[in-house]
Amino acid sequence: MQACFLGDRMACRIGLLVALLAVSLASSASEAQPGAEVSGIWLTQAGDAKVRVSNCGGGICGVVVWLKDPIDPATGKLQIDDKNPNPALATRRIIGLPLFMGMRPWGPNKWSGQIYNADDGKSYASHISVSGPGTLRVEGCVGVLCGGETWTRSSR
């Protein structure tokens, strides 16, 4: 390797940055799991909803696309986001409801951001990771306390 001298300082910095970028990309590619694609439809652990996850805006988005029980037994109408404290949002249908906010890459097959919980109308810090072609780990945190569930890939 050639030593960098005062006159070539800028060229050396650029060369170093290119080398670091190449090593970073190579290690990221080797850490990624084959078939571990986040895009698709995922069934929640309870089996009561399906969420379409897709790449969007440099991160991922998740939208409810199916409910086991789409009709609210109390009203006989489609389930709505009635636990949301914002009256303007409390009438949104659950099917079509966006769940992920600001989900950005956090590592290979990992994203971090916010997740909305329609069961209580609150958003939580969240980490999502793909651990294989059919497994998505979804975690929500309040302070240092975190809980999560494992979603499975759905064929439709």
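Here's what I pulled together on the structure shown here. (Residues numbered from 1 in each chain as written. Predicted model: local features only at pLDDT ≥ 70, side-chain atom pairs only at ≥ 80, totals over all residues. Heavy atoms only, no water.)

**Description of the side chain of T44**
If you trace the backbone, T44 turns up in the loop between strand 1 (40–43) and strand 2 (49–56). Since its relative accessible area comes to 9%, T44 is described here as buried. A polar atom in the side chain of T44 sits 2.8 Å from the side chain of D48. Once you skip the residues sitting within four places of it in the chain, T44 turns out to touch A49, E149 and W151. (Helix = DSSP H or I, 4+ residues; strand = E, 2+ residues; numbered from the N terminus. Buried < 20%, exposed > 50% of the residue type's maximum accessible area, 1.4 Å probe, protein only. Polar contact = N/O pair within 3.5 Å; in protein donor to acceptor, adjacent residues only side chain to side chain. Contact = heavy atoms within 4.5 Å.)

**Details of the state of the cysteines**
The full count for this structure, using the stated rule, is 2 disulfides. Here C56 engages in a disulfide with C61; their sulfurs sit 1.7 Å apart. Because the sign of the S-S torsion sets the handedness, a value of about 85° for the bond joining C56 and C61 places this disulfide among the right-handed ones. A relative accessible area of 24% places C56 in the partly exposed class. Residue classification places C61 among the partly exposed positions, given a relative accessible area of 27%. Covalent S-S linkage joins C141 and C146, the inter-sulfur distance amounting to 2.0 Å. (Disulfide = S-S within 2.5 Å.)

**Description of the packing of aromatic side chains**
Considering all chains together, one arrives at 1 aromatic pair under this definition. Aromatic pair F100 and W151: ring centres 6.5 Å apart, planes at 20°, arrangement stacked. Residue F100 is located in strand 4 (residues 100–107), and its partner W151 is located in strand 8 (residues 145–154); the two are separated by 51 residues in the primary sequence. By relative accessible area, W151 is classed as buried at 4%. Above the face of the Y116 ring, R92 is positioned so that its terminal group lies 5.7 Å from the ring centre. (Phe/Tyr/Trp six-rings, centres within 6.5 Å; stacked < 30°, edge-to-face > 60°. Lys NZ or Arg CZ within 6 Å of the ring centre and 35° of its normal.)

**As for the nonpolar core**
V53, I60, F100, I128 and L136 are the most contacted members of the largest nonpolar core, which has 23 residues in total. Elements with a minimum of two residues in this core: strand 2, strand 3 (59–67), strand 4, strand 5 (110–117), strand 6 (122–132) and strand 7 (135–142). Apart from residues no more than four positions distant in its own chain, I128 is found in contact with I60, F100, M103, N109, K110, W111, L136, R137 and V138. (Core = buried A, V, L, I, M, F, W, Y, C linked by side-chain atoms within 4.5 Å.)

**With respect to unusual backbone geometry**
With a phi angle near 60°, N109 is a residue other than glycine that sits in the positive phi range. In this fold, N109 is placed in the loop between strand 4 and strand 5.

**What about the pattern of salt bridges?**
Applying the stated criterion across every chain, the model contains 3 salt bridges. Between D81 and R92 there is a salt bridge, with its nearest N and O atoms 2.7 Å apart. With a gap of 11 residues between them, D81 in the loop between strand 3 and strand 4 and R92 in the loop between strand 3 and strand 4 connect regions that are remote in the sequence. Accessibility expressed as a relative area gives 0% for D81, which makes it buried. In this structure, the salt-bridge partner of K83 is D82, at a minimum N-O distance of 3.7 Å. Judged by relative accessible area, K83 falls into the partly exposed class, the value being 45%. Assessed through its relative accessible area of 43%, D82 is described here as partly exposed. (Salt bridge = Lys/Arg side-chain N within 4 Å of Asp/Glu carboxyl O.)

**Focus: the pairing of strand 2**
Where strand 1 lies against strand 2, 4 bridges are found, and the strand directions are antiparallel. Residue pairing in the sheet places L43 in a bridge with K50 of strand 2. Hairpin connection of strand 1 to strand 2: 5 residues between the antiparallel strands, including G47 at a positive phi of 75°. Relative to strand 3, strand 2 is paired through 8 bridges, and the arrangement is antiparallel. Bridging from a neighbouring strand, N55 pairs with I60 of strand 3. Hairpin geometry of strand 2 and strand 3 is characterised by an intervening segment of 2 residues between the two adjacent antiparallel strands and by a positive phi of about 50° at G57. (Pairing = 2+ DSSP bridges.)

Nothing here speaks to function; it is geometry throughout.
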